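# Examining the three-dimensional arrangement
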Amino acid sequence: MERFITHKKGQFVMIAVLMIAIMIISIGALMHRAVTYYRHEPWEEYLTLIGAIELNSLRLIELSLANYTNTDSPDQDILRTNLEKWQANLTRIYLGYGISLNSSNDCLACDWNKNSSSSGANAAFTLDIASIGLTGYKFMAKAFLNLTILNKIDNEINVTVRGEDGTPITGLGKDNFQVSNSTMILNMTSVASYYEPKEIQVYTINCSENMTTPITVKVWDERGIQVTAKYP
Amino acid sequence: MMRNGKKGQMRIIEAILASFIIIFALSFANIFVITPTSPKYEVTELQKLGYNVLHDLDEQALLARFIYNKEGDNITAALRVLLPLDVHFSMTVYDLQGIKTDNTAIFYGDTETFATSKNIASVTYGLVGYATKINDAYQATYEPRIVILQLARG
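Residues numbered from 1 in each chain as written. Chains lettered and ligands numbered in written order. Predicted model: local features only at pLDDT ≥ 70, side-chain atom pairs only at ≥ 80, totals over all residues.

In the predicted model, chain A carries a mean pLDDT of 86, and the fraction of residues at 70 or more is 92%. The least confident element of chain A is helix α1 (residues 2-6) of chain A, whose mean pLDDT is 55; the most confident is strand β2 (residues 116-129) of chain A, at 94. (pLDDT = per-residue confidence, 0-100. Helix = DSSP H or I, 4+ residues; strand = E, 2+ residues; numbered from the N terminus.)

Val217 of chain A together with Leu54 and Val147 of chain B are the most contacted members of the largest nonpolar core, which totals 76 residues. Broken down by element, this core gets its largest block of residues, 10 residues, from helix α3 (residues 42-69) of chain A. Filtering out sequence-adjacent residues up to four positions away, Leu54 of chain B remains in contact with Leu63, Val123, Tyr125, Val147 and Leu149 of chain B. (Core = buried A, V, L, I, M, F, W, Y, C linked by C-beta atoms within 7 Å. Buried ≥ 20, exposed ≤ 12 C-beta atoms within 10 Å, placed from the backbone. Contact = placed C-beta atoms within 7 Å.)

Okay, the domain arrangement of chain A next. Residues and elements named next belong to chain A. As far as domains go, chain A holds domain 1 (42-107 + 121-143) and domain 2 (146-231). For domain 1 and domain 2, the distance between their C-alpha centroids amounts to 32 Å. When contributions to the side of domain 1 that touches domain 2 are tallied by element, the ones reaching two or more residues are α3 and β3 (134-153). Per element, the largest residue contribution to the side of domain 1 that touches domain 2 is 4 residues, and it comes from α3. (Domains from an automatic or database assignment.)

Here we take up the domain arrangement of chain B. The assigned domain composition of chain B is domain 1 (1-33) and domain 2 (42-153). Put simply, the middle of domain 1 of chain B and the middle of domain 2 of chain B, counted by C-alpha atoms, are 57 Å apart.

All names here are of chain B. The predicted model of chain B averages 84 in pLDDT, with 90% of residues at 70 or higher. Mean pLDDT values over the elements of chain B span from 74, in helix α1 (residues 2-31), up to 93, in helix α3 (residues 63-68). Under the prediction, the complex receives an ipTM of 0.74, its pTM being 0.77.

Let us look at the interface of chain B and chain A. Residue-level contacts link 32 residues of chain B with 32 residues of chain A. Of all the secondary structure elements, the ones that give two or more residues to the side of chain B that touches chain A are α1, α2 (42-59), β3 (120-127) and β5 (137-139) of chain B. Ranked by residues supplied to the side of chain B that touches chain A, first place goes to α2 of chain B with 8 residues. Classifying every residue of the side of chain B that touches chain A gives 19 nonpolar, 10 polar and 3 charged. (Nonpolar A, V, L, I, M, F, W, Y, C, P; charged D, E, K, R; others polar.)

Residue and element names in this part refer to chain A. Within the fold, Ser119 resides in strand β2. Owing to 24 C-beta atoms within 10 Å, Ser119 belongs among the buried residues under this scheme. Between the alpha carbons of Ser119 and Ile225 there is a distance of 7.6 Å; along the sequence they are 106 residues apart. Setting aside residues up to four positions removed in sequence, Ser119 forms contacts with Leu65, Thr69, Cys110, Leu145, Ile225, Gln226 and Val227.

This part is about unusual backbone geometry. Looking along the chain, the bond that leaves Tyr231 of chain A and enters Pro232 of chain A is cis, with omega of 0°. Along the chain, Pro232 of chain A falls in the segment after β9 (226-231).

What follows covers the pairing of strand β4 (residues 156-162) of chain A. Along a regular strand, successive side chains alternate from one face of the sheet to the other. Residues and elements named next belong to chain A. Extensive coverage of β4 is indicated by the burial of 5 of its 7 residues. Pairing geometry for β3 and β4, over 7 bridges, is antiparallel. The partner of Thr148 across the bridge, within β4, is Thr160. Hairpin connection between β3 and β4: a loop of 2 residues separates the two successive antiparallel strands, and Asp154 in this loop has a positive phi of roughly 50°. Summarising the sheet, β4 and strand β7 (residues 200-207) pair through 4 bridges and their orientation is antiparallel. Bridge pairing links Asn158 to Thr204 in β7. (Pairing = 2+ DSSP bridges.)

Time to look at the sheet that holds strand β5 (residues 177-180) of chain A. Residues and elements named next belong to chain A. Strand order in the open sheet formed by 3 strands is β5-β8-β9, with antiparallel pairing between adjacent strands. Where the open sheet ends on each side, the last strands, each with one partner, are β5 and β9. Taking each pair of neighbouring strands and ignoring which way they run, the sheet shows an average axis angle of 15°. In this sheet, β9 lies alongside strand β8 (residues 215-220) in antiparallel orientation, the contact comprising 6 bridges. Its bridge partner lying in β9, Val219 is registered against Val227. (Axes fitted to C-alpha atoms, helices over the stretch in contact; angles between N-to-C directions.)

See below:
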């Protein structure tokens, strides 16, 4: 006992070792907790489900508009019919979620055979998911396509194609256009696009035949939506 | 007096060196630390992963094209790119009557994994239809498909 009291150096080392040991253990415990920490967010699972329903409701609007614009005798109620089917089928697709989707203000229209022609459809939706207590989640879905004939110079036609909110549609080629005059469908030699400061993107359609006015230009985008414009 | 002062300096240097050694040891150990997967939430994690992958493909308008054109190889390739390497998957497509629409196997991984794994996640995803070009005319009909994607960690 006397030795312990007199040897102060030894005590200091022991206290230091003990403190370092406590420090290592506490830091180790903290680090283990940090790397194994998991915060469960049940909402994340449902956000993807809501996103999937929202996206496919938009796809339904686009599909209905594509059907409407590609049929010789279009069904005026195609959008309403498809919406009703989708609302009924959703409960069968996502079993056990208690999904209820209601739509309102659905509209489908075409304004064709003008210099600037358009096809458009939209609907407002209200989504309820009983299993998570979600009620009254509202969203809008709209599909739109505009074709504007800017000018015609000899065998060349310049047009712009725009989607929702006026965004230019890119990546269109010969397969997406059709040019005709009052008697026949004209043979297109090339379709090219270039940047123009005002219109952003302009498509130039070249035809092999001499173009007599009036001419009709048809466009189909990647969703299958059609627009027909006439010049002049 | 001077001797005592020098001793104190040495202690400080020792303490600094010791803390450096501890920090170095901890950071070295941290390199080898692998975040353990929580078995409790494994299925939920896989479900989230599956939903996100299908949603991403659908947003890029690829999922509907692959499914309605029966491009099974393209779906397999896309899922293999988007999912982590250790996640095995099996996808089946049904119509509303519950009949398989495509008999091509959309599968990646070991069949043993699905037979033995305790944590298999199943994701259901609905599609409305796809506008296809047939003889220079688009056909756009409402034709829903139910996509069932099963996931397991191999």
